[in-house]
Amino acid sequence: MAAPWEDVLRDGPAIREAAAVAVDAALLQGVLMRTEGQPNDSDVVSFAPFTLLPSAVPSALFEQAYAVQQDFNMLVDAISQNKEFLEHALASTIKVDDFTARLFRIHTQVLEEGLAQSVFLGINRSDYMFDSGVDGTPALKQIEINTIAASFGGLTSRTVAVHGQVLKVLGKPQEASRLLPNNPSRGLALGIAKAWELYSSPSAVVMFLVEEVQRNIFDQRCVENELWNRNIPVIRRRFRDVFEKGSLDEARRLYMDGKEVAVVYYREGYVPSNYSEQNWEARLLLERSRAVKCPDIATQLAGTKKVQQELSRPGTLERLLPGRAEAVTRIRATFAGLYSLDMGAEGDTVAAMAITDPDRFVLKPQREGGGNNLYGEELRQVLEKIRDSPQRTSYILMDKIKPRPALNYLLRAHSPLQVSECVSELGIFGVYVRQGSELVLNEAAGHLLRTKAVEHADGGVAAGVAVLDTPFLV
Ligand code: ADP
Ligand code: MG
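Not measured: the values here are computed from a predicted model.

## Observations regarding unusual backbone geometry
- Here cysteine 294 and proline 295 are connected by a cis peptide whose omega angle stands at 5 degrees.
- Relative to the helices and strands, proline 295 resides in the loop between β12 (292-294) and α13 (297-302).
- The residue arginine 252 is not glycine, and still its phi comes out positive at about 60 degrees.
- Looking at the element boundaries, arginine 252 is found in the loop between β9 (246-248) and β10 (254-256).
- The buried category is assigned to arginine 252, whose relative accessible area is 16%.
- Phi is positive for aspartate 257, which is not a glycine, with a value near 50 degrees.
- Tracing the backbone shows aspartate 257 in the loop between β10 and β11 (259-266).
- We classify aspartate 257 as partly exposed; its relative accessible area is 36%.

Pasting the structure below:
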């Protein structure tokens, strides 16, 4: 799996020169983020963290990840329409996890009233690591699928040019020419545009629902600009704006500041800290509306870790995707070991197994955004404390994936240039649109490679741990 630039990694002067070029190229290309100190203004911005060099990715696994994406799109869409499955899968979790319970309550409430929405748009990102098996052969293993606010599709389309230039500066033009073009933001925008078109109200807008703190705005702007280029108007609003100024008419059309909203694209709403009581009310208003929500609340629930674990039970995929044996096989091939901690004999055995051998596993709560999982000694301590309590059912247990590390430099503002042992996570963006019961669009829209130093067990780019990368297929 080695990349063909091991020779230059220890060449200090060459690396320093390449890093200076890389940072300026990133700024020129728009690989940007607002600063921690001024997260809501663009007067002073910095580059989003990225690797100096592209990372090697086995081409067979890269192709496998693309090949299974339409299957995952279908699966998520099927789960979102399967009330009984969601209810059953989440029954134990919602007894102890207030956040999931609250989402589930809105889901139930909206179904009871009857859906006003008839066009559905899913944008997800399925994330994988390359597990090095006992014989060292890497295998593609899914970490999770993100069904809400999957980010970095914009910025990642701009890292290819940066890495291409770095390779040229390091005397590797041949390798530079092999980097694959990648533009998820375009694919995401095409999905949003399709949903907007099917909503069929030419004066209606697309609303990006954004966080109070907007450091990653440039990533979102990439998608916004694609929409404006297609003459689709975009507004950006927060939950509190919706609470203050959002309304529904008698047909449950959604209005913001007098403008009808065709599509609500959530880049917010995935963690408890996003919600005050008012924000929950705003969420309910949006869910009740006729607007296309990306995602609707059922699709958000389909992306919970508990659902991921339940999917690994024998027979479940077959039931969710009847008559699609090949898709089921492709999906299942990416699953790592996943274990339920539900109360009962099965969960008791799983808890005991994890406590005996914590380094083999990851303990995951129903949270997103990085930094929430437990590993090693901490996993053991927490699980010992809750092993006999229903609290344990707010978690799932997963086999720990062990990728082979490679050397790289992680470029961050105000950080020294030093070589790190790194591992990467590959994400594939999926986009689909359904009108009534007919899937009218189902695509893989591009990829995202994120790389982190091995000393961090957890965490994404926004969490300050991983950085943007570009795959170099080997
Ligand atoms: P989140 O929703 O917080 O992103 P993830 O399941 O993606 O949750 O986990 C966060 C990070 O933890 C991942 O990006 C990965 O680095 C690490 N991680 C998660 N699951 C595993 C696993 N099974 N094996 C190894 N590392 C994992
Ligand atoms: Mg993740």
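## Considerations on empty space enclosed by the protein
- Here the structure, examined in full by the defined rule, presents three cavities of 30 Å³ or more.
- Computed from the structure, the largest cavity encloses a volume of approximately 80 Å³.
- Forming the boundary of the largest cavity are Phe72, Leu75, Val76, Ile79, Gln142, Ile145, Ala302, Thr304, Val307, Gln308, Leu311 and Phe335.
- Broken down by secondary-structure element, the contributors of at least two residues to the lining of the largest cavity are α3 (69-80), β6 (138-146) and α14 (305-311).
- For the lining of the largest cavity, the element with the highest residue contribution is α3, accounting for four residues.
- The residue inventory of the lining of the largest cavity, partitioned by class, reads nine nonpolar, three polar and no charged.
- Of the pockets and cavities examined, the second largest cavity occupies roughly 40 Å³.
- Every residue along the wall of the second largest cavity is listed here: Asp77, Ser80, Phe120, Leu121, Gly122, Lys293, Asp296, Thr299, Tyr432 and Arg434.
- Put simply, the parts of the chain that give the lining of the second largest cavity at least two residues each are α3, β5 (119-132) and β18 (419-435).
- The greatest single-element share of the lining of the second largest cavity, amounting to three residues, is contributed by β5.
- Split into classes, the residues belonging to the lining of the second largest cavity amount to three nonpolar, three polar and four charged.

## Details of the nonpolar core
- Core analysis: the largest hydrophobic core is formed by 68 residues, its most contacted members being Leu52, Leu121, Ile192, Val206, Leu227, Val263 and Leu468.
- Considering every element that reaches this core, the biggest residue donor is helix α1 (residues 12-29), with eight residues.
- Not counting residues up to four positions away in its chain, the partners in contact with leucine 468 are Val31, Ala48, Pro49, Phe50, Thr51, Phe152, Leu155, Thr159, His163, Leu448, Leu449 and Val461.
- Core analysis: the next-biggest nonpolar cluster, separate from the first, contains 64 residues, Ala149, Leu284, Leu286 and Val328 among them.

## Notes on the site of ligand 1
- Near ligand 1 lie 21 residues; those nearest to it are Lys305, Lys364, Gly370, Glu425 and Lys452.
- At a separation of 2.7 Å, an oxygen atom of ligand 1 approaches a polar side-chain atom of lysine 305.
- One of the side-chain N or O atoms of lysine 364 is found 2.7 Å from an oxygen atom in ligand 1.
- Coverage of ligand 1 by the protein amounts to 95% of the 540 Å² it exposes when considered alone.
- Breaking the shell around ligand 1 down by element, the ones donating at least two residues are β6, β14 (361-365) and β16 (395-399).
- Of the residues contributing to the shell around ligand 1, the split by class is seven nonpolar, four polar and 10 charged.

## Points about the side chain of glutamate 224
- Along the chain, glutamate 224 turns up in helix α10 (residues 217-229).
- Under the relative-accessibility criterion, glutamate 224 is labelled buried at 4%.
- A polar side-chain atom of glutamate 224 sits 2.6 Å from a polar atom in the side chain of arginine 236.
- Those residues in contact with glutamate 224 that lie beyond four places of it in its chain are Phe208, Val234 and Arg236.

## Looking at the pairing of strand β19 (residues 438-453)
- Here β18 pairs with β19 via 14 bridges, running antiparallel. Looking at β19, one finds that phenylalanine 429 is bridged to glycine 446.
- Taking the residues between adjacent antiparallel strands as the criterion, β18 and β19 are bridged by two residues, where glycine 436 takes a positive phi near 60 degrees.
- Pairing analysis gives three bridges linking β19 to strand β20 (residues 467-469), with the strands arranged antiparallel. Along β20, the bridge assignment pairs threonine 451 with valine 467.

## Some words on the packing of helix α4 (residues 83-90) against helix α6 (residues 98-113)
- Between α4 and α6, the least distance of the axes is 12 Å, while the angle of their chain directions is 155 degrees. The pairing of α4 with α6 is recorded here as roughly antiparallel in orientation. In the crossing of α4 with α6, the sense of the turn from one axis to the other is left-handed. On α6, the residues touching Lys83, Leu86, Glu87 and Leu90 of α4 are Thr100, Phe104, His107 and Leu111.
- Tallied by class, the residues present in the contact of α4 with α6 amount to four nonpolar, two polar and two charged.

## Quick notes on the sheet that holds β14
- On the basis of which strands lie adjacent, the open sheet formed by four strands has the order β13-β16-β14-β15 and antiparallel pairing. At either margin of the open sheet sits one strand with a lone partner, and together these are β13 (338-340) and β15 (374-375).
- Pairing geometry for β14 and β15, over two bridges, is antiparallel. Bridged to valine 362 within β15 is tyrosine 375.
- Packing against the sheet, helix α17 (residues 345-356) makes contact with β13, β14 and β16, and its axis sits at approximately 125 degrees to β13.

Rules used in this analysis
Residues numbered from 1 in each chain as written. Chains lettered and ligands numbered in written order. Predicted model: local features only at pLDDT ≥ 70, side-chain atom pairs only at ≥ 80, totals over all residues. Heavy atoms only, no water. Helix = DSSP H or I, 4+ residues; strand = E, 2+ residues; numbered from the N terminus. Buried < 20%, exposed > 50% of the residue type's maximum accessible area, 1.4 Å probe, protein only. 1 Å grid on protein atoms, 1.4 Å probe; cavity = no way out; pocket = protein on both sides within 12 Å on 5 of 7 lines; lining within 4 Å. Points joined across faces, edges and corners; volume = space filled by probe spheres on them. Nonpolar A, V, L, I, M, F, W, Y, C, P; charged D, E, K, R; others polar. Core = buried A, V, L, I, M, F, W, Y, C linked by side-chain atoms within 4.5 Å. Contact = heavy atoms within 4.5 Å. Near = heavy atom within 4 Å. Polar contact = N/O pair within 3.5 Å; in protein donor to acceptor, adjacent residues only side chain to side chain. Areas by Shrake-Rupley, 256 points an atom, 1.4 Å probe, with all protein chains shown as cover. Pairing = 2+ DSSP bridges. Axes fitted to C-alpha atoms, helices over the stretch in contact; angles between N-to-C directions. Parallel < 35°, antiparallel > 145°, perpendicular 65-115°, else oblique. Left-handed = near helix turned anticlockwise from the far one by under 90°.

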